[in-house]
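# Results of the structural survey
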Amino acid sequence: MTLDGKIKTTLAICFLSLAASAVSFGQDPPGAPEYEAISLLGRKLVSPTAAGAAIDLYRKALADFDRNPNEANTVWLGRRAAYLGLYREAVRVYSEGLDRFPQSFRLLRHRGHRYITLRLFDRAAADLKRAAELADSAPLEVEPDGIPNRARKPLSNTQFNIWYHLGLAHFLQGNFAAAVDAYRECLKWSKNDDLLTATTDWLYMSLRRLGRDEEAAQ
């Protein structure tokens, strides 16, 4: 082989190596399963096809995670997978994250949320109860929005989301008394009208389910 040919071959190998790295850096999300969950009526629930922008954000989250698989990047990788409708994949990401960060109330909060999406209410309640215990002494923590509102100002906080989803898990289990307790605690973390409205609505419905109409009316 001539010197010119060797140079061309070397450049070609370098180009292919860089191309492979680029594919790995921005790889597509895993393929969707046949269905994500079984509804309470026994129907298979299938996620819609994700939009291009959501896939780009997933790729960025994956690249960030590959560079540094810390707690925050694990949370975001799971969130971006969930926004693509890949809820089982999100649970897998959070579960592997909890192997590395077993005391993470943030990972438990998000995995519990997605267990609700998958209709696994017992697992959701267990995760969210544990998250509440671990977050008990933590200061109020604003939670960034994955899908920002028009004002681009986050409205919720981690503690609110733990108690809100714990109440929801109990409600969907039919454990309305536990839901009432969770939503009363959630009121303490409902720091604006949006959160207060959401929490009060679920508290009202839980009390009505228990036949505690006077309390509900209040």
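Predicted, not measured: the structure shown is a model, and the values here were computed from it.

### Quick look at the side chain of Arg-114
Structurally, Arg-114 is set in helix α5 (residues 105–117). For the buried Arg-114, no salt bridge exists, and the shortest N-O distance to an oppositely charged side chain is 8.9 Å, to Glu-143. A polar atom in the side chain of Arg-114 sits 3.1 Å from the side chain of Thr-117. With residues near it in sequence (within four places) discarded, Arg-114 still touches Ala-82, Tyr-83, Tyr-87, Ala-90, Val-91 and Tyr-94.

### A closer look at the packing of α5 against helix α6 (residues 121–134)
The description of two packed helices rests on the angle between their axes and on the distance between the axes. At a minimum axis separation of 8 Å, α5 and α6 run at an interaxial angle of 160°. Between α5 and α6, the angle falls in the class roughly antiparallel. As α5 packs across α6, the resulting crossing turns out to be left-handed. Judged by residue contacts, Phe-105, Leu-108, Arg-109, Arg-111, Gly-112, Tyr-115 and Ile-116 of α5 engage Phe-121, Arg-123, Ala-124, Asp-127, Leu-128, Arg-130, Ala-131 and Leu-134 from α6. Among the residues making up the contact of α5 with α6, the classes are represented as nine nonpolar, one polar and five charged.

### Considerations on α5
Here α5 is 13 residues long and its end C-alpha atoms lie 19 Å apart, about the 18 Å a rise of 1.5 Å per residue gives. Among the 13 residues that make up α5, twelve are buried, leaving the element largely enclosed by the rest of the structure. Residues of α5 that are buried: Phe-105, Leu-107, Leu-108, Arg-109, His-110, Arg-111, Gly-112, His-113, Arg-114, Tyr-115, Ile-116 and Thr-117. Contact partners of the buried residues in α5: β1 (37–38), α3 (71–83), α4 (87–100), α6 and α7 (158–173). Arg-119 sits one or two residues past α5 and shows a positive phi near 65°.

### Overview of helix α9 (residues 193–209)
When the terminal C-alpha atoms of α9 are compared, their 24 Å separation across 17 residues agrees well with the 24 Å that a helix rising 1.5 Å per residue should span. Among the structural elements, α7, α8 (176–187) and α10 (213–217) are those in contact with the buried residues of α9. For α9, the capping residue at the N-terminal end is Asn-192, with a side-chain oxygen 3.1 Å from the backbone nitrogen of Asp-194. Among the residues trailing α9, Gly-211 stands out with phi positive, at a value near 75°.

### Focus: the pattern of salt bridges
Counted according to the given criterion, the structure contains 15 salt bridges. Across the salt bridge formed by Asp-127 and Arg-111, the nearest N and O atoms sit 2.6 Å from each other. With Asp-127 in helix α6 and Arg-111 in helix α5, this pair connects stretches of sequence that are 16 residues apart. Arg-111 matches Asp-127 in its accessibility class, with the two residues each being buried. One salt bridge in this structure joins Asp-213 and Arg-208, with 3.2 Å as the shortest N-O distance. Residue Asp-213 is classed as partly exposed on the basis of its relative accessible area of 41%.

Rules behind the numbers
- Residues numbered from 1 in each chain as written.
- Predicted model: local features only at pLDDT ≥ 70, side-chain atom pairs only at ≥ 80, totals over all residues.
- Heavy atoms only, no water.
- Helix = DSSP H or I, 4+ residues; strand = E, 2+ residues; numbered from the N terminus.
- Buried < 20%, exposed > 50% of the residue type's maximum accessible area, 1.4 Å probe, protein only.
- Lys, Arg positive; Asp, Glu negative; His and termini not counted.
- Salt bridge = Lys/Arg side-chain N within 4 Å of Asp/Glu carboxyl O.
- Polar contact = N/O pair within 3.5 Å; in protein donor to acceptor, adjacent residues only side chain to side chain.
- Contact = heavy atoms within 4.5 Å.
- Axes fitted to C-alpha atoms, helices over the stretch in contact; angles between N-to-C directions.
- Parallel < 35°, antiparallel > 145°, perpendicular 65-115°, else oblique.
- Left-handed = near helix turned anticlockwise from the far one by under 90°.
- Nonpolar A, V, L, I, M, F, W, Y, C, P; charged D, E, K, R; others polar.
- Expected span 1.5 Å × (residues − 1).

Such coordinate-based values are descriptive only and should not be taken to indicate function.
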